[in-house]
Amino acid sequence: MKAAILHRRGADGVAVTDVDRPHRPQGWALVRMLAASVNRVDLYMRDNGAGITHALPQIMGVDGIGEIEETDARSTFRKGERVILYPYEFCGTCRHCLAGNQPLCTSARVLGEHRDGTFAEFVTLPEASLRKVPPETDVHQAAALGVAYLTAWRMIFGKATIDPGSVVLIVGAGGGVSHAAAQLALVAGARVIVTTSGAEKTAHFRATGVDHVIDYKTEKVVDTVMQHTGGEGADIVIDNVGEATWGQSLRCTARGGHIVTCGATTGGNPSAELQRLFIRQLSVHGSTMGNLEEFRRLVRAFEAGRFAPHIDSVYPLDRVNDAFARLEHPGRVGKVVIDISAPAGFQEQ
Ligand SMILES: [Zn+2]
């Protein structure tokens with residue numbers, strides 16, 4: 001089968017080559033992949049990978065959608081059924097799994113991080129990590145659910161109370177997870193303020209129905225947020241940008257408010273500003289991915305048409321390195337998808 005394999009660190013370390021199909025253990029399913037999406041963590045694996053137990057060469061890709069190719073005879077899945085992949089293999093018996101918090105499983109293995117991933121024609125996973133979706137499901141949109149939208153779901157619905165009276169500020173909203181968070185905060189009925197840059201991206205967000213778009217290159221973010229919140233600030237701030245924006249995000253958070261982070265693209269060691277944290281009684285939440293129940297609810301909301309993942313561009317598997325370049329392009333808005341069943345040379349933008 002064809003797969004995008006990380007052979008060595010660095011931008012030239014990924015190649016699409018032929019490898020053997022994975023072996024399917026009993027109780028697992030063999031899935032024929034249709035599409036997957038690229039995520040920031042793919043670039044981290046490509047360029048660094050420190051702190052994540054794995055061995056190269058390894059197949060890249062964390063999320064995706066496919067069709068059942070083979071299962072045990074007693075399986076509830078049938079050949080040809082569409083499934084979205086939950087990106088974890090989890091033990092099911094540790095205290096975190098028993099509490100329904102699979103992302104904290106002490107022996108969790110994430111696709112494309114600790115084991116072979118989804119940028120391949122076939123993937124094997126325990127059946128517990130698969131969720132059936134109808135055959136008419138949009139594969140490019142569904143490919144974006146497993147990481148970006150699941151992560152955004154937990155940040156918006158799992159960490160702080162959100163309701164139609166909430167003000168949510170999304171920092172750097174063009175990124176995949178941040179864009180997803182803006183959409184889901186709108187689904188929750190919150191007032192949503194986003195920061196982004198450039199005429200094209202500000203116009204894009206104005207068309208999505210968010211309450212206010214701030215161009216951080218030409219406007220003062222803190223002043224503008226205060227102006228739009230009666231001087232109070234946002235109840236919830238979603239900041240995955242990290243060092244470059246953290247101080248500003250603290251200043252945009254209302255007294256008693258919440259800051260949620262799931263990434264640190266510009267660096268992981270901003271000033272803590274402890275006085276501001278305790279005097280204003282701010283809560284800082286770390287978040288990554290979501291549990292099986294959040295995954296189920298996310299897919300159900302998607303199937304019900306409550307939101308549609310925003311797709312920036314689609315590349316065939318052969319052009320995985322172009323997809324990575326697009327992920328880093330400042331003009332990108334939303335998700336970059338790999339269409340694994342597409343013919344070589346295909347591109348939809
Ligand atoms: Zn576990």
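Please read all numbers here as calculations on a predicted model, not as lab measurements.

Caption draft 1: Just the overall build of the chain, in detail. Scanning the chain from terminus to terminus reveals 11 helices and 18 strands. For the chain, whose C-alpha radius of gyration is 20 Å, the value lies close to the compact-globule estimate of 20 Å for 349 residues. Overall, the chain is about 60 × 45 × 40 Å in size when its C-alpha atoms are taken along their principal axes. Burial statistics for the chain: of 349 residues in total, 47% are counted as buried. Within the chain, contacts between residues separated by at least 24 positions form 70% of all contacts whose residues are at least 6 apart in sequence.

Caption draft 2: Highlighting the pairing of strand β3 (residues 28–37). For β3, a buried count of 8 out of 10 residues is recorded, marking the element as mostly surrounded by other parts of the structure. Alignment of β3 against strand β5 (residues 65–70), held across 5 bridges, turns out to be antiparallel. Looking at β5, one finds that Arg-32 is bridged to Glu-67. Judged from the 3 bridges that link them, β3 and strand β18 (residues 335–339) form a sheet pairing that is antiparallel. In the sheet register, Ala-35 faces β18, and the bridge partner there is Asp-339.

Caption draft 3: Main features of the environment of Val-320. Its place among the elements puts Val-320 in helix α11 (residues 320–328). Placed 18 residues apart in sequence, Val-320 and Ile-338 show a C-alpha to C-alpha distance of 7.1 Å. Ignoring anything within four residues of it in the chain, the contact list for Val-320 reads Ala-4, Val-14, Val-16, Phe-119, Tyr-315 and Ile-338.

Caption draft 4: Region of the structure containing the packing of helix α4 (residues 145–158) against helix α5 (residues 176–187). Between α4 and α5, the shortest axis-to-axis distance is 8 Å and the interhelical angle comes to 50 degrees. Considering the angle they form, α4 stands oblique to α5. With respect to the hand of their crossing, α4 and α5 are arranged in right-handed fashion. Touching Ala-148, Tyr-149, Thr-151, Ala-152, Trp-153, Met-155 and Ile-156 of α4 are Gly-176, Val-177, Ala-180, Ala-181, Leu-184 and Ala-185, all from α5. Its residues assigned to classes, the contact of α4 with α5 comprises 11 nonpolar, 2 polar and no charged.

Caption draft 5: Layout of the nonpolar core. Counting residues in hydrophobic clusters, the biggest one holds 101 residues, and the most contacted among them are Val-168, Ala-181 and Ile-338. The element best represented in this core is α4, accounting for 9 residues. Apart from residues lying up to four places away in sequence, Ile-338 is in contact with Ala-35, Ala-36, Ser-37, Val-38, Phe-119, Tyr-315, Leu-317, Val-320 and Ala-323.

Caption draft 6: Geometry of α4. Counted at 1.5 Å a residue, the expected span for α4 with its 14 residues is 20 Å, but the 16 Å between its end C-alpha atoms falls short. Summarising burial for α4: 12 of the 14 residues are buried, a large majority. When we look at burial in α4, the residues that qualify are Leu-145, Gly-146, Val-147, Ala-148, Tyr-149, Leu-150, Thr-151, Ala-152, Trp-153, Arg-154, Met-155 and Ile-156.

Caption draft 7: Quick look at the sheet that holds strand β1 (residues 2–6). If you trace the 3 strands from one edge of the open sheet to the other, you get β2-β1-β4, paired in antiparallel fashion. Both edges of this open sheet fall to β2 (14–18) and β4 (58–59), since each of them pairs with a single strand only. By the bridge criterion, 2 bridges tie β1 to β4 in an arrangement that is antiparallel. Paired with Ile-5 across the bridge in β4 is Ile-59.

Caption draft 8: The arrangement of the sheet that holds strand β14 (residues 234–239) in detail. A sheet is described by the order of its strands in space; here 6 strands give the open sequence β13-β12-β11-β14-β15-β16, paired in parallel fashion. Across the chains shown, the open sheet's two edge strands, defined by having one partner strand only, are β13 (212–215) and β16 (283–286). Strand-to-strand twist across the sheet, computed as the mean angle between neighbouring axes with direction ignored, equals 20 degrees. Where strand β12 (residues 191–196) and β13 come together, 4 bridges link them in parallel fashion. Bridged to Thr-196 within β13 is Asp-215.

Caption draft 9: Expanded view of the domain arrangement of the chain. Here the chain is described as being made up of domain 1 (2–147 + 290–339) and domain 2 (160–286). Taken over C-alpha atoms, the centre of domain 1 sits 28 Å from the centre of domain 2. Residue-level contacts link 12 residues of domain 1 with 12 residues of domain 2. Here the side of domain 1 that touches domain 2 is composed, by residue class, of 4 nonpolar, 4 polar and 4 charged.

Caption draft 10: How the structure looks around α11. When we look at burial in α11, the residues that qualify are Val-320, Ala-323, Phe-324 and Leu-327. The buried residues of α11 occupy an angular sector of 100 degrees when the element is viewed end-on, so they sit on one face. Where α11 is buried, its residues contact β1, β2, α1 (40–47), β17 (311–316) and β18.

Caption draft 11: Highlighting unusual backbone geometry. Omega for the peptide link from Leu-56 to Pro-57 comes to 0 degrees, which places this bond in the cis form. Residue placement: Pro-57 occurs in the loop between α1 and β4. Even without being a glycine, Met-289 presents a positive backbone phi close to 50 degrees. Here Met-289 lies in the loop between β16 and α10 (292–303).

The rules we used
- Residues numbered from 1 in each chain as written.
- Predicted model: local features only at pLDDT ≥ 70, side-chain atom pairs only at ≥ 80, totals over all residues.
- Helix = DSSP H or I, 4+ residues; strand = E, 2+ residues; numbered from the N terminus.
- Rg over C-alpha atoms; globule rule 2.2 N^0.38 Å.
- Buried ≥ 20, exposed ≤ 12 C-beta atoms within 10 Å, placed from the backbone.
- Contact = placed C-beta atoms within 7 Å.
- Pairing = 2+ DSSP bridges.
- Axes fitted to C-alpha atoms, helices over the stretch in contact; angles between N-to-C directions.
- Parallel < 35°, antiparallel > 145°, perpendicular 65-115°, else oblique.
- Left-handed = near helix turned anticlockwise from the far one by under 90°.
- Nonpolar A, V, L, I, M, F, W, Y, C, P; charged D, E, K, R; others polar.
- Core = buried A, V, L, I, M, F, W, Y, C linked by C-beta atoms within 7 Å.
- Expected span 1.5 Å × (residues − 1).
- Domains from an automatic or database assignment.
- Arc of directions from axis to C-beta.

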